[in-house]
Amino acid sequence: MAHRLLKISSLATAVFGCSGFYLYNKQLDLNDLSVVRFGRAAATTAFISYDYLTAFKHVEYGTEEYWTLKSKVHRRSAERLRDLCCANRGTFIKLGQHLGALDYLLPEEYTSTLKVLHSRAPQSSMEEIRQVIREDLGKELSELFVSFEENPQGAASLAQVHKAVLHDGRTVAVKVQHPKVQRQSSKDIMTMEVLMRAVHWLFPDFAFMWLVEESKKNMPLELDFLNEGRNAERVANMLAHFPFLKIPMIHWDLSTKRILTMEFAEGGQVNDRDYMKKHGINVNEISENLGKLYSEMIFVHGFVHCDPHPGNVLIHKSEQSKKTEIVLLDHGLYQVLQPDFRLNYCRLWQALINSDMPEVERYSRKLGAGDLYPLFSCMLTARSWTSVTTGISSVPVTHAEDIEIQTNVSMYLPQISELLNRVPRQMLLLLKTNDLLRSIETTLQTRASSSSFINVSRCCIRAVARHKQSKARSKRRHLQIKLEESLSLWRLSMYELILWVKSSMLVHWSAKWLKSCPYAV
């Protein structure tokens, strides 16, 4: 028996020794192993679940102590989740960034903690970048570019961007996919699905499986850079009538599924107020133009750029023309809205702007909200139910209202989860897009402006008119619809003019009063 144990232990020692020698020679990163990535994710999930299961045992629900403790549990759980995303990288960081953008769907402790993932994405080595370019384009860097900056302009969860110069002198941005992402993504998503199902089993109120479903559908699209290039060209043609929009031109001869070469674009991030102040850029104009772009995409065309986080929206003021441009980057993820869905969404927003509560309920139900339509309205507008019923276009946004909404999020988390599982999948990316745009408006301090509602109204009028014209059977009906559309748009323009006059008069009166006031400094 002892002799047999000695043989087994010797064999085991030899196997482990050979394995260690093999791994050492291959210089294999343990983080590449699926078992390591799964184990890390499972351990984090177990720690977080145990914390929520045990933390509140001796605390009475609803007391001040309970809410204080809950905030602490949210915070440390969010920090564990952030550390997991940073350790596993790739798809995990992408999911963490998605969660960090859901300001009005998740507790503030989670969103504020996970937002840092936009600046903590992994970076591939220069040798890895050379290898991807060699494999996909069949040439060395020196054969393709006069110069290629080794330090990336930016690193994201799936890729990083380098500045380079072509042999004809043109400056380009070369987006290169991290070499391991393609291989790891499907296994990572499977890991997330297994663990989220386990969490749902432990906490029935937790119903965020939609996150995994969306990742399974969207990740292959985001990993195909040729798809991103096609989206960029489509939206450039679609919105060519906006002179302030800049979409970098694609160099198709230097692009593959893992490499996207495009015109280099300069500018500051859309949430950088200091950059705008330094370059004399009007933040209200930027906010209004951004609203025009997205209202047009959502309501008129139904082809929506779904990742407008600050790193993907640059602001640039031309030295020659002095005109300010919005540069839209990262076109990997677009949502194509179905016509019926888009029309119902248009009519819902018209009802919300007009405070037509029967229509708000009607179209919310058509979009799957059911009896949760008040919550649905608040999530779409990021306004309280009081503001929704009073009129979101007439009641200004206040800091107190924002605090109230964020405080109530944790209380209504089960209902929010139920609602997100009820509505069409298309709505999920729209909610994410709404939150990202709202976050930009909050940073620029332009959320109180009524211009965004005017832009939404104008696009909804045009979209509904287009739909009616597609159903019209006679020239007379076509003409009638066109006249109704023109009249509605004219009324909206008059309303906008009145608001502008009132605002100008108020500014003029305030300046005059300050000059005449003996106490003015």
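This structure is a prediction, so every number in the text was calculated from the model and none was measured. (Residues numbered from 1 in each chain as written. Predicted model: local features only at pLDDT ≥ 70, side-chain atom pairs only at ≥ 80, totals over all residues. Heavy atoms only, no water.)

### What about the overall build of the protein?
The condition that has to hold: Elements are defined by DSSP. Helices are runs of H or I of four residues or more, strands are runs of E of two residues or more, and each kind is numbered from the N terminus. The classification of residues rests on relative accessible area computed with a 1.4 Å probe and restricted to protein chains. Under 20% of the type maximum is buried, over 50% is exposed, and intermediate values are partly exposed. Here, two residues are considered to be in contact whenever any of their heavy atoms come within 4.5 Å of each other. Methods summary: accessible areas were calculated by the Shrake-Rupley approach with a probe of 1.4 Å, and residue burial reflects only the protein chains presented.
Secondary structure assignment for the protein yields 21 helices and 11 strands. Counting the 521 residues in the protein, one finds 48% classified as buried. Here the analysis covers contacts within the protein between residues at least 6 apart in sequence; of these, 68% occur between residues at least 24 apart. For the protein, the exposed surface amounts to about 26,900 Å²; the carbon and sulfur share of it is 57%.

### Here we look at the nonpolar core
To be explicit about the condition: Residues belong to a common nonpolar core when they are buried Ala, Val, Leu, Ile, Met, Phe, Trp, Tyr or Cys residues joined through side-chain atoms within 4.5 Å. Just so you know, the domain bounds were taken from an automatic or database domain assignment.
Ranked by internal contacts, the top residues of the largest apolar core, which has 76 residues, are L293, W349 and M427. Summarising the domain contributions, this core has at least three residues from each of domain 2 (126-177 + 224-336) and domain 3 (339-500). Non-local contacts of M427, meaning those with residues more than four positions away in its chain, are made with F341, Y345, L367, F376 and L380.

### A look at the sheet that holds strand β5 (residues 245-246)
Hydrogen bonds between backbone groups are what pair the strands of a sheet, and the pairing can be parallel or antiparallel. The line we're drawing: By this definition, two strands are paired if DSSP reports at least two bridges between them. Convention adopted: a line fitted to C-alpha atoms gives each axis, helices being fitted over their contacting stretch, and angles between N-to-C directions are expressed from 0 to 180 degrees.
With mixed pairing, 4 strands are arranged side by side in an open sheet as β5-β10-β9-β7. If you trace the sheet from one side to the other, it starts and ends with β5 and β7 (268-269), each paired once. Both β7 and strand β9 (residues 313-317) contribute to a ladder of 2 bridges, which runs antiparallel. Residue pairing across strands places Q269 opposite L314, the latter belonging to β9. Packing of helix α12 (residues 283-301) onto the sheet brings it into contact with β5, β9 and β10 (324-328), and relative to β10 it is tilted by some 45°.

### As for the packing of aromatic side chains
Each aromatic ring pair is summarised here by two numbers: the centre-to-centre distance and the angle between the ring planes. To be explicit about the condition: The aromatic pairing rule takes the rings of Phe, Tyr and Trp, using the six-membered ring of Trp, and pairs them if the centres are within 6.5 Å, calling planes under 30 degrees apart stacked, those over 60 edge-to-face and the rest tilted. Only lysine NZ and arginine CZ atoms are considered, and such an atom sits over a ring when it is within 6 Å of the ring centre and within 35 degrees of the ring normal.
In total, this model carries 10 aromatic pairs according to the counting rule given. Centre to centre, the rings of Y61 and Y66 are 4.9 Å apart; their planes meet at 65°, and the pair counts as edge-to-face. Here Y61 falls in the exposed class, since its relative accessible area comes to 58%. On the basis of relative accessible area, Y66 is assigned to the buried category, the value being 8%. A cation over an aromatic ring shows up here: K175 above the ring of F225, its NZ or CZ 4.9 Å from the ring centre. A cation sits over an aromatic face here: R234 above F303, 3.8 Å from the ring centre.

### Considerations on the pattern of salt bridges
The condition that has to hold: By salt bridge we mean one thing: a side-chain nitrogen of Lys or Arg within 4 Å of a carboxyl oxygen of Asp or Glu.
Here the structure, examined in full by the defined rule, presents 22 salt bridges. Across the salt bridge formed by R462 and E296, the nearest N and O atoms sit 2.8 Å from each other. Note that R462 is positioned in helix α20 (residues 451-471) and E296 in helix α12, a separation of 166 residues in sequence. Residue classification places R462 among the partly exposed positions, given a relative accessible area of 22%. Salt-bridge contacts for R422 lead to E418; the nearest nitrogen and oxygen are separated by 2.6 Å. Of this pair, R422 and E418 are both found in helix α18 (residues 413-422), 4 residues apart, which corresponds to roughly one turn of the helix. Residue classification places R422 among the partly exposed residues on the basis of a relative accessible area of 36%.

### Structural notes on the state of the cysteines
Quick note on the threshold: The disulfide criterion is simple: two cysteine sulfur atoms within 2.5 Å.
Applying the stated criterion across every chain yields a total of 0 disulfides. Unpaired in terms of disulfides, C85 finds its nearest cysteine sulfur in C86, a separation of 6.9 Å.

### Quick look at the packing of helix α15 (residues 373-381) against α18
What counts is decided by this rule: Comment on the angle field: the value is read as roughly parallel under 35 degrees, roughly antiparallel over 145, roughly perpendicular from 65 to 115, and oblique elsewhere. The nonpolar class holds Ala, Val, Leu, Ile, Met, Phe, Trp, Tyr, Cys and Pro. Asp, Glu, Lys and Arg form the charged class, and all remaining residues, Gly among them, are polar.
Axis separation between α15 and α18 bottoms out at 11 Å; the angle between their running directions is 85°. Judged on the interaxial angle alone, α18 and α15 are roughly perpendicular. For the pair α15 and α18, the contacting residues are L375, F376 and M379 in the first and Q415, I416, L419 and L420 in the second. In terms of residue class, the contact of α15 with α18 is made up of 6 nonpolar, 1 polar and no charged.

### Regarding the environment of C85
Following the sequence through the fold, C85 ends up in helix α3 (residues 64-88). Given a relative accessible area of 4%, C85 falls into the buried group. Not counting residues within four places of it along the chain, the set of residues in contact with C85 comprises F92, I93, G96 and L117.

### Observations regarding α15
Counting buried residues in α15 gives 8 out of 9 residues, a clear majority hidden from the surface. For α15, the complete set of buried residues consists of Y373, L375, F376, S377, C378, M379, L380 and T381. Turning to α15, the residues buried within the fold contact α13 (339-354), α14 (357-366), α16 (385-390), α18 and α19 (425-444). Where α15 ends, the next residue or the one after it, A382, has phi of about 55°, a positive value.

### A short note on the confidence of the model for the protein
Rules: Think of pLDDT as the predictor's per-residue confidence, scored from 0 to 100.
Scored by pLDDT, the protein comes out at a mean of 81, with 85% of its residues at no less than 70. In this model residues 1-27 is a low-confidence stretch, pLDDT under 50, and it forms 1 contact with partners more than four residues away in sequence or in other chains.

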